Amino acid sequence: MKIRLFRIILFGLIALANLTKFTLLGTRGNIVQFIICLIIVICEVKAYKDKKEIKGSKAAYVICGIFAALIVIYFSLWRYGFGKLFGVYSLKLSYAASGGYTTTFFPEKVPEGAKLKDFGHLPTIMQGDGYVYAVFDTEDATLLSKLENEAAAKAIMSFDITELGTGEMLKENLDLAEKIFREKTGFKDIDPTIDFTDPARIRYDHPDHDITIYIIDSNFYFNHLRTDAVLVDHTDGVIEYVGM
C-alpha cells in the first residue's frame, strides 16, 4: 500500500506543478497534463482506500509509475501558448521573452488608464513562426499619445494602414526595408516584405480607421517573417504590440 501512496504523492506533485504553471502563465497545455495526473491520483486514491492489492511485480509497478511520471514531466515542460484569460501579465511577458520573442518594447505592466483587451502567445511549431501580442484599449487620449510616442521613438519606420493595404509605401521605407533585408538574409533575387498580419489583431480591413503602424524591427523575409511592431488605432483608442 505504501507503493500506491508513493504514486499518489508523485503524480499529485506533478499535478500541482502543472496547475501552478497554468495559473501563473495561462499555458493551456499544462491544464491537460494536470487533468491526466488528477485522473491517475483519483484512481490510485480509490484503490488505496479499497486496499486493492497490486497485481504482478511491485518492482515493475514502481518502474512503470516512474516512467509514466517522466513522460508527463517531459510534456509539462513543453513551451505552450497562452491566451488572455489566465495568468499574470508580467510573468507571461517574461515567459514569451524566454522563448526568443521580442517583448522589450511592450509595456512592463498594464498601463494605468488602459485595459488589457487581448493577450496571446503562439510558440514556434515546426516550420511555423510563433509570436506574442498584447492589445490595450483606452479612452484616455493623452495616454494613447504617450504610448504612441514611446513606440515612435523606437521605430525604424512608420506608415498608415492604407499604405500597407494598397502597397503604396514611401520610397524611403521601401529602401530601408530592402537594405535591412539584404544585410540580414544575403538574398539578392528576392524582394523584401513589409507585413505582420498573421499575429496582429488590428487588421487593415478597416479603411475608415485612422491606424498608424510602427515597425520596431524586422527581417522583411516573407518565408520566415519576424517583425516587431506597434499598431495604433486612433479611431477606437486601441494600441497593439506584436513581437515575433
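Higher on the page you've got the structure.
Residues numbered from 1 in each chain as written. Predicted model: local features only at pLDDT ≥ 70, side-chain atom pairs only at ≥ 80, totals over all residues. Heavy atoms only, no water.

**Quick look at the overall build of the protein**
Scanning the protein from terminus to terminus reveals 7 helices and 6 strands. Scanning the protein from its N terminus toward the C terminus, one meets helices and strands in the order α-α-α-α-β-β-α-β-α-α-β-β-β. Expected size for 244 residues packed as a compact globule is a radius of gyration near 18 Å; at 24 Å, the protein overshoots this value by more than 25%. When the backbone C-alpha atoms are referred to their principal axes, the protein occupies close to 75 × 45 × 25 Å. Across the 244 residues that make up the protein, the buried fraction comes to 42%. When contacts within the protein are restricted to residue pairs at least 6 apart in sequence, long-range pairs at least 24 apart make up 64% of them. For the protein, the accessible area works out to roughly 13600 Å², and carbon and sulfur atoms hold 61% of it. The centroid of the 27 positive side-chain charges in the protein is displaced by 20 Å from the centroid of its 31 negative side-chain charges. (Helix = DSSP H or I, 4+ residues; strand = E, 2+ residues; numbered from the N terminus. Rg over C-alpha atoms; globule rule 2.2 N^0.38 Å. Buried < 20%, exposed > 50% of the residue type's maximum accessible area, 1.4 Å probe, protein only. Contact = heavy atoms within 4.5 Å. Areas by Shrake-Rupley, 256 points an atom, 1.4 Å probe, with all protein chains shown as cover. Lys, Arg positive; Asp, Glu negative; His and termini not counted. Charge placed at Lys NZ, Arg CZ, Asp CG, Glu CD.)

**Notes on unusual backbone geometry**
Even without being glycine, F220 reaches a positive phi, approximately 55°. If you trace the backbone, F220 turns up in the loop between β4 (211-218) and β5 (227-233).

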